[in-house]
Amino acid sequence: MNPETEYREGLEQLASNYKEILSLLGEDPTREGLEKTPMRVAKAMQVLTRGYNMDAHKVLTDALFKEDYSQMVIVKDIDFFSLCEHHMLPFYGKVHVAYIPNGYITGLSKIARVVDIFSHRLQVQERMTLQIKECIEQTLKPLGVMVVVEAKHMCMQMRGVEKQNSITTTSDFCGAFNQAKTRQEFMNLIHQ
Ligand SMILES: [Zn+2]
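The following paragraphs examine the structure supplied in this document. Only a predicted model underlies this, so the values are computations on that prediction, with no experimental measurement involved. Going along each chain's sequence as written, the residues are numbered from 1 onward. Only residues with pLDDT of at least 70 are given local features in this predicted model, and only at 80 or more are side-chain atom pairs given and counted; all residues enter the totals for whole chains, interfaces and linings. With hydrogens and water set aside, each side-chain value is computed from the structure's full complement of heavy atoms.

## Some remarks on the coordination of the zinc ion
Quick note on the threshold: Each metal's donors comprise the N, O and S atoms found within 2.8 Å of it (within 3.2 Å for Na, K or Ca). Water is not part of the atom list, so some coordination spheres may appear incomplete. Numbering of helices and strands starts at the N terminus; helices are DSSP runs of H or I of at least 4 residues and strands are runs of E of at least 2. Summary of the burial criterion: residues with accessible area below 20% of their type's maximum are buried, those above 50% are exposed, and those between are partly exposed, where the area comes from a 1.4 Å probe applied to protein chains only.
Every protein donor of the zinc ion is listed here as Cys84 (SG), His87 (ND1) and Cys155 (SG), and their distances to the metal cover 2.1 to 2.3 Å. Positions of the donor residues of the zinc ion, expressed as sequence spacing, correspond to C-x2-H-x67-C. Of this pair, Cys84 sits in strand E2 (residues 73–84) while Cys155 sits in helix H6 (residues 154–158), placing them 71 residues apart in sequence. Judged on exposure class, the residue Cys84 and its partner Cys155 are both buried.

Below you can see the structure in the form of structure tokens.
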């Protein structure tokens with residue numbers, strides 16, 4: 001079975017707790033439209049948090065290729081969807097990654113896979129940014145890596161805390177990206 005569609009232990013219990021939650025919210029969980037909702041939500045939440053069971057480091061170490069290329073490698077506009085750990089509401093947007101290889105590169109799709117794994121957990125945008133950067137730093141051991149995340153937070157927008165459509169940007173970097181010139185080169189490339 002595909003591990004991505006396999007549901008984890010505790011699914012029944014999760015569904016039964018969601019049934020309770022529906023009642024506590026003032027709903028009638030036995031009415032027709034809601035009958036299957038607790039199980040649907042339980043399955044959806046397991047999918048949205050499937051990253052807990054996955055090893056992002058292994059994704060990269062399994063796909064390292066020796067290569068002398070030492071210019072900046074950029075993977076931009078990686079779509080992601082995550083859940084904020086404070087409200088369990090979605091935040092979503094784009095991740096841009098750049099690294100400068102030091103003898104090893106990885107498949108571009110593997111970088112997207114790493115983003116997928118860290119975003120499918122309860123998160124804060126700052127930590128997700130750091131985790132993606134550290135994962136690439138520790139496995140590829142590049143001369144530098146930089147990660148920029150641009151996201152909209154539904155917990156802010158739906159509750160009216162923040163102006164609609166405002167975007168939160170976070171970034172983290174190391175190595176060669178400590179130089180403002182190198183960061184600027186990356187920022188120019190992602191927004192062109
Ligand atoms: Zn939140």
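Having seen it, we continue.
## Remarks on the packing of aromatic side chains
Convention followed: The pairing test for Phe, Tyr and Trp rings, Trp by its six-membered ring, is centres within 6.5 Å, and the orientation test on the planes gives stacked under 30 degrees, edge-to-face over 60, and tilted for anything in between. Charge over a ring is defined by NZ of Lys or CZ of Arg lying within 6 Å of the ring centre and within 35 degrees of the ring normal.
Summed over all chains, the structure comprises 3 aromatic pairs. The interplanar angle of 70° and the centroid separation of 5.7 Å between the aromatic rings of Phe80 and Phe91 together place this pair among those described as edge-to-face. Here Phe80, found in strand E2, pairs with Phe91, found in strand E3 (residues 90–100); they are 11 residues apart in sequence, far enough to count as distant. Classification of Phe80 as buried rests on a relative accessible area of 2%. Using a relative accessible area of 0% as the deciding quantity, one classes Phe91 as buried. Taking 6.0 Å as the distance between ring centres and 20° as the angle between the ring planes, the aromatic pair formed by Phe81 and Tyr92 counts as stacked. With Phe81 in strand E2 and Tyr92 in strand E3, this pair connects stretches of sequence that are 11 residues apart. A residue is classified by how much of its surface remains accessible, and Phe81, at 56% relative accessible area, is exposed. Positioned over the ring face of Tyr104 is Lys66, at 4.9 Å from the centre of the ring.

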